[in-house]
Amino acid sequence: MHSWALTAMVAYVLLLWFVEVCMGMPDPRQRDMLMRQEVSRQTGGRVILTAAEQRLDAYLHRLKQQEMSAAQFPPAVHFFKAKPLIQSSPVFSLLRKMPKGGALHIHHSSLVSVEWLVKNVTYRPHCYICFTWDNSVRFLFSSRQPFPRWDCFYWQLLETLRAKMGDCTDFDNSLIQNLTLFTEDPDTAYPSQDIVWEKFEKAFISAAGLITHAPVLKDYFYRGLEELHQDNVMYLELRSGLSRTYELDGTIHDKIWSLKTFQEATKQFVADHPDFLGARIIITVKAAVKEAIQMQRDFPDVVAGFDLVGREDSGRTLWYFREALSLPADLGVTLPYFFHAGETDEEGTDVDQNILDALLFNTTRIGHGYALAHHPLAKELSRKKNVAVEVCPISNQVLKLILDLRNHPAAVLMSEGHPLVISSDDPSLFGTTGLSYDFYQAFVGIGGLKANLGTLKELAINSIRYSSLPPHLKETGLAMWQNKWDVFISDFL
Ligand SMILES: *[C@@H]1O[C@H](CO)[C@@H](O)[C@H](O)[C@H]1NC(C)=O
Ligand SMILES: *[C@@H]1O[C@H](CO)[C@@H](O)[C@H](O)[C@H]1NC(C)=O
Ligand SMILES: *[C@@H]1O[C@H](CO)[C@@H](O)[C@H](O)[C@H]1NC(C)=O
Ligand SMILES: [Zn+2]
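What you see is a predicted model, and the numbers here were worked out from it, not measured in a lab.

Asker: Any chance you could explain the overall build of the protein here in plain terms?
Answerer: A tally of helices and strands in the protein yields 22 helices and 13 strands. Its C-alpha atoms give the protein a radius of gyration of 24 Å, within 12% of the compact-globule value 23 Å for 493 residues. Judged by the C-alpha coordinates and their principal axes, the protein covers about 90 × 55 × 45 Å. Of all 493 residues assigned to the protein, the portion counted as buried reaches 43%.

Set out below in structure tokens:
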């Protein structure tokens, strides 16, 4: 029996006794004890805070109360409208400074902010652009005028095009628009999940020509780590399909090249920033389990495991791929899984069932698990197996699973202390960098007034504890994190 179950039983017996003895009004001491017991079950509920931490906690609590009583409560409005409010929030600026541990759920194609792609990458020489019939753009680096393609008839050299323009601000902003979901009026622009996903996929396709250019890729990874580091994140697990890349003359490099480039960029970054722990990849090539097994064998330090990605609601289910997914067990090899599962608000659908299948396939963590709160058995199982849920609040809101984040189902998981980590999913598409925006939503919106500094501490520690790192590196990581945390606390005083 869990110790909390035992305490709950004791409390219940005591309660019965009180009801018998006192009748009438509930005993205030009893009430107080029950309330404290309930809070102790939440994420971070058993974390013991030092005196200095308690002072910061009290301060955060007051700040949060103020934000909750303001005219507009950021977690209750669409992130595209809430972003400026969050940026001016004192809770947010504390969260920016807080060491947040690792980012365990971010996708390769949306790792780096779009401003950098446009202001840096599209300004490099030999960059061509093409305007497509559906009001979108494609990019291609080439040493000579590119041939027409099925989706692109006429390629223009950006350098020439910009020279003709004079002021490029509006043009650059329109390119930024092409590469993100950001819009002033998201409710009108994205009336349904289908429409927002369509734009989501378009943005990926537009960015592809930029980030699959071989010389860009290394800078891209490095820049991605830099943006995380600037937000006080010290580790990354990146989901990547490891696209092939191309050179100016059209030479193509294979996936292994991308993997090695990631490894080199990470090594370089850690050499330049010794307080950064590292980065690993979760391979997301559809049904390429065999390939993933091989890559994990060849690059055990870099490859964390495997996931199937894409929009679950329109893709194939885990059960559909059951034969491929059984391969590692059949071959007697280990390939850790990190499945997206239950990223849906529709109960009883195939996607909804993915949650239980992910657990049956021994997933290490669950990506999103938005539907988990509605699956009592799966929830019990994931708790028993210590499988953390990767909660990405802003993603769920922008992709229209939920509007008011106070009602996010992770509130249930958080109040029960289910293993959780917070991540950002597709930061560049949503207009976030690092983890602070998502931490803000989780701390202020999902957690409400109950979430405290202990919650934040546990969420940060969880991101190392539930990472794919081997035990000795987890220890190193936790020690590094603790040092940063101590500095964070003493800086506040
Ligand atoms: C683009 O970024 C690279 C490094 O990632 C840097 O060396 C270069 O100076 C930047 N160029 C511009 C135009 O900002
Ligand atoms: C994409 O950029 C082009 C070029 O500036 C622009 O004409 C078009 O409106 C943009 N499309 C979107 C969806 O923002
Ligand atoms: C999952 O783990 C259980 C228990 O360790 C094992 O018996 C089973 O074969 C595993 N299943 C898969 C698909 O790896
Ligand atoms: Zn995802």
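Asker: How should the domain arrangement of the protein be read in this particular structure?
Answerer: It is common to give the size of an interface as the accessible area lost on bringing the parts into contact. Domain boundaries in the protein define domain 1 (1–40), domain 2 (79–112 + 218–492) and domain 3 (115–203). Measuring from the centre of the C-alpha atoms in domain 1 to the corresponding centre in domain 2 gives 38 Å.

Asker: Please clarify how the site of ligand 3 should be interpreted in this entry.
Answerer: Taken together, Ser326, Ala329, Phe361 and Asn362 form the complete shell of residues around ligand 3. In terms of residue class, the shell around ligand 3 is made up of 2 nonpolar, 2 polar and no charged.

Asker: In this structure, what is going on with the UniProt feature "domain: Adenosine/AMP deaminase N-terminal" (unreviewed entry) in the protein? I would like to understand it.
Answerer: Here the UniProt feature "domain: Adenosine/AMP deaminase N-terminal" (unreviewed entry) sits at residues 29–95. Between the first and last C-alpha atoms of residues 29–95 the distance is 35 Å; the span itself is 69% helix and 0% strand.

Asker: How should I be thinking about unusual backbone geometry in this particular structure?
Answerer: Peptide bonds are, in most cases, trans, and in most cases residues other than glycine have a negative phi. In this structure, Asn232 takes a positive phi of about 60 degrees despite not being glycine. Using a count of 20 C-beta atoms within 10 Å as the deciding quantity, one classes Asn232 as buried. For Asn386, which is not glycine, the phi dihedral falls at a positive 60 degrees. Relative to the assigned elements, Asn386 resides in the loop between helix H16 (376–384) and strand S12 (388–391).

Asker: When you look at the packing of helix H15 (residues 350–360) against H16 in this model, what are you seeing that I'm missing?
Answerer: Between two packed helices, what matters for the description is the angle formed by their axes and the separation of those axes. It is at 10 Å that the axes of H15 and H16 come closest, and there the two elements cross at 30 degrees. In terms of orientation, H15 and H16 fall into the roughly parallel class. As H15 runs across H16, the sense of the crossing is left-handed. For the pair H15 and H16, contact is made by Ile355, Leu356 and Leu359 and by Ala378, Leu381 and Ser382, respectively. When the residues that make up the contact of H15 with H16 are grouped by side-chain class, the tally is 5 nonpolar, 1 polar and no charged.

Asker: Can you help me understand the packing of helix H13 (residues 289–298) against helix H14 (residues 322–331) in this one?
Answerer: Two elements in contact, H13 and H14, have axes separated by 9 Å at closest approach and are oriented at 30 degrees. For the element pair H13 / H14, the angle class is roughly parallel. On the side of H13, the interface is formed by Val289, Lys290 and Ile293, while H14 contributes Ala324, Leu325, Leu327 and Pro328. In the contact of H13 with H14, the residues fall into 6 nonpolar, no polar and 1 charged.

Asker: Would you mind showing me how to read the site of ligand 2 here?
Answerer: Near ligand 2 you find Phe131, Asn135, Ser136, Val137, Phe171, Ser174, Leu175, Gln177 and Asn178, and these make up its full shell. Top element by residues in the shell around ligand 2 is helix H8 (residues 169–179). It accounts for 5 residues. Grouping the constituent residues of the shell around ligand 2 by class yields 4 nonpolar, 5 polar and no charged.

Asker: Can you help me understand the nonpolar core in this one?
Answerer: In globular proteins that are soluble, nonpolar side chains generally tend to be buried together. Core analysis: the largest hydrophobic core is formed by 113 residues, its most contacted members being Leu420 and Tyr440. No other element matches helix H20 (residues 436–446), which puts 7 residues into this core. Counting only domains with at least three residues in this core, you end up with domain 2 (79–112 + 218–492) and domain 3 (115–203). Leaving out residues up to four positions away in the same chain, Tyr440 has contacts with Ile86, Val91, Phe92 and Leu95.

Asker: I'm lost on the sheet that holds strand S2 (residues 127–131) in this one. Help?
Answerer: Hydrogen bonds along the backbone pair up the strands of a sheet, which may run parallel or antiparallel. Here we have 3 strands laid out as an open sheet, ordered S3-S2-S4, and antiparallel in their pairing. If you trace the sheet from one side to the other, it starts and ends with strand S3 (137–141) and strand S4 (156–157), each paired once. Bridge analysis of S2 against S4 gives 2 bridges, and the strand direction is antiparallel. Bridge assignment links Tyr128 to a residue of S4, and that residue is Leu157.

Asker: Just to check I follow, could you spell out the pairing of strand S1 (residues 102–107) for this structure?
Answerer: Where a strand is regular, its side chains alternate between the two sheet faces. Most of S1 sits out of view: 6 of its 6 residues are buried. Pairing of S1 with strand S5 (residues 235–240) involves 4 bridges; the strand directions are parallel. From the neighbouring strand, Gly102 faces S5, where its bridge partner is Tyr235.

Asker: Looking at this structure, I do not really get the pairing of S3. What am I missing?
Answerer: Counting buried residues in S3 gives 5 out of 5 residues, a clear majority hidden from the surface. The side-chain alternation of S3 yields two buried faces, one formed by Val137, Phe139 and Phe141 and the other by Arg138 and Leu140. Strand direction decides the pairing type here: S2 and S3, joined by 5 bridges, are antiparallel. Note on S3: the bridge partner recorded for Cys130 is Arg138. In sequence, S2 turns back onto S3 through a hairpin of 5 residues, with Asn135 there showing a positive phi of about 65 degrees.

Asker: Even after reading the chapter, I still don't get the environment of Val285, so can you show me in this structure?
Answerer: Position of Val285 among the secondary structure elements: in the loop between strand S8 (278–283) and H13. Using a count of 18 C-beta atoms within 10 Å as the deciding quantity, one classes Val285 as partly exposed. Taking the C-alpha atoms as reference points, Val285 and Gly44, separated by 241 residues in sequence, lie 35 Å from one another. Beyond its immediate stretch of four places on either side in the chain, Val285 contacts Gly241, Leu242, Glu291 and Ala292.

Definitions and cut-offs
Residues numbered from 1 in each chain as written. Chains lettered and ligands numbered in written order. Predicted model: local features only at pLDDT ≥ 70, side-chain atom pairs only at ≥ 80, totals over all residues. Helix = DSSP H or I, 4+ residues; strand = E, 2+ residues; numbered from the N terminus. Rg over C-alpha atoms; globule rule 2.2 N^0.38 Å. Buried ≥ 20, exposed ≤ 12 C-beta atoms within 10 Å, placed from the backbone. Domains from an automatic or database assignment. Near = placed C-beta within 6 Å. Nonpolar A, V, L, I, M, F, W, Y, C, P; charged D, E, K, R; others polar. UniProt positions renumbered as here; feature names shortened; annotations may be inferred. Axes fitted to C-alpha atoms, helices over the stretch in contact; angles between N-to-C directions. Parallel < 35°, antiparallel > 145°, perpendicular 65-115°, else oblique. Left-handed = near helix turned anticlockwise from the far one by under 90°. Contact = placed C-beta atoms within 7 Å. Core = buried A, V, L, I, M, F, W, Y, C linked by C-beta atoms within 7 Å. Pairing = 2+ DSSP bridges.

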